[in-house]
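Close look at the chain arrangement
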Amino acid sequence: MAKAKKEATKVEDDFNYIVRIASSDIDGNKRTVIGLQSIKGVGKRVSEIVVKKADVDPAVKIGTLSDEKVKEIETLITTYVEYAPNWVINRQMDYETGADMHLIGNDLDLIQKDDINRMKMIRCYRGVRHETHHKVRGQRTRSNGRKGLTMGVQRKSPGA
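**Brief notes about the overall build of the protein chain**
A tally of helices and strands in the protein chain yields 7 helices and 2 strands. What you see in the protein chain, going N to C, is helices and strands ordered as α-β-β-α-α-α-α-α-α. Counting the 160 residues in the protein chain, one finds 26% classified as buried. Within the protein chain, residue pairs in contact and separated by at least 24 positions form 45% of the contacts whose partners lie at least 6 positions apart. When the accessible surface of the protein chain is totalled, it reaches about 12,200 Å², and 52% of it is carbon and sulfur.

So, in structure tokens, the structure goes:
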């Protein structure tokens, strides 16, 4: 019984409850593939590719990984564009540089805002839709996405 407690405390000493990768905190109790998905710009497919490339078991909790493995995973995420196929990258043919990039974290938010502002400035259709807070990607607007006052049939007053 005492041996089991010593082993349990030893495991808890090596366990990290919060793992920091790519300037975002990850819950150490989550599995590796699921935990990496909490980084903005890293989805299921990207996390599976990174975990396979790092040679880590996807079912292992991310808090049990050593610091070296965590650093290796972080470098694999930041250099994802070098070994991933072109169609998996989230920013192909950047508007300004023409390079392929895979953005994560705050960079993704900043670039998206810049793109939307550029569309607004050149007054393209998508930019105008963004400005007026309408649907941008061709969805229906007649019956869905209504805001403000309710529209519909009004009842007749009982005195009429």
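**Section: the confidence of the model for the protein chain**
Low-confidence regions, as indicated by low pLDDT, have predicted coordinates that should not be scrutinised in detail. Across the protein chain, the average pLDDT comes to 86, with 88% of residues at or above 70. For the protein chain, helix α1 (residues 2-14) is the element with the lowest average pLDDT, namely 59, and helix α7 (residues 125-131) is the one with the highest, namely 94.

**A look at helix α4 (residues 67-78)**
With 12 residues, α4 ought to run about 16 Å at 1.5 Å a step, and its terminal C-alpha atoms sit 17 Å apart, in line with that. Three or more residues of α4 are buried, namely Val70, Ile73, Leu76 and Ile77. Burial along α4 is one-sided: seen end-on, the buried residues are contained in an arc of 125 degrees. Opposite its buried face, α4 presents the exposed residues Asp67, Glu68 and Lys71, each directed more than 90 degrees away. Buried-residue contacts for α4 involve β1 (18-21), α2 (32-36), α3 (44-54) and α5 (80-83).

**Considerations on the pattern of salt bridges**
All told, the structure shown has 7 salt bridges when counted by the stated rule. Two residues, Arg20 and Asp25, come together in a salt bridge whose shortest N-O distance is 2.8 Å. Note that Asp94 is salt-bridged to Arg91, the shortest N-O span being 2.8 Å. What emerges from the salt-bridge pattern is a single network uniting Arg91, Asp94, Asp115 and Arg118.

**Re unusual backbone geometry**
A positive phi is found at Ala22, a non-glycine position, where the angle reads about 55 degrees. For Ala22, the location among the structural elements is in the loop between β1 and β2 (24-27). Phi at Met93 is positive, roughly 50 degrees, even though this residue is not glycine. Of note, Met93 is situated in the loop between α5 and α6 (106-121).

**A few points about the pairing of β1**
Two faces make up the sheet, and in a regular strand the side chains alternate between them. The alternating pattern of β1 places Val19 and Ile21 on a buried face and Ile18 and Arg20 on a face that is not buried. Relative to β2, β1 is paired through 4 bridges, and the arrangement is antiparallel. Its bridge partner lying in β2, Ile18 is registered against Asp27. Following β1, the chain reverses through 2 residues before pairing antiparallel with β2; Ala22 in that reversal takes a positive phi of roughly 55 degrees.

Definitions and limits used
Residues numbered from 1 in each chain as written. Predicted model: local features only at pLDDT ≥ 70, side-chain atom pairs only at ≥ 80, totals over all residues. Heavy atoms only, no water. Helix = DSSP H or I, 4+ residues; strand = E, 2+ residues; numbered from the N terminus. Buried < 20%, exposed > 50% of the residue type's maximum accessible area, 1.4 Å probe, protein only. Contact = heavy atoms within 4.5 Å. Areas by Shrake-Rupley, 256 points an atom, 1.4 Å probe, with all protein chains shown as cover. pLDDT = per-residue confidence, 0-100. Expected span 1.5 Å × (residues − 1). Arc of directions from axis to C-beta. Salt bridge = Lys/Arg side-chain N within 4 Å of Asp/Glu carboxyl O. Pairing = 2+ DSSP bridges.

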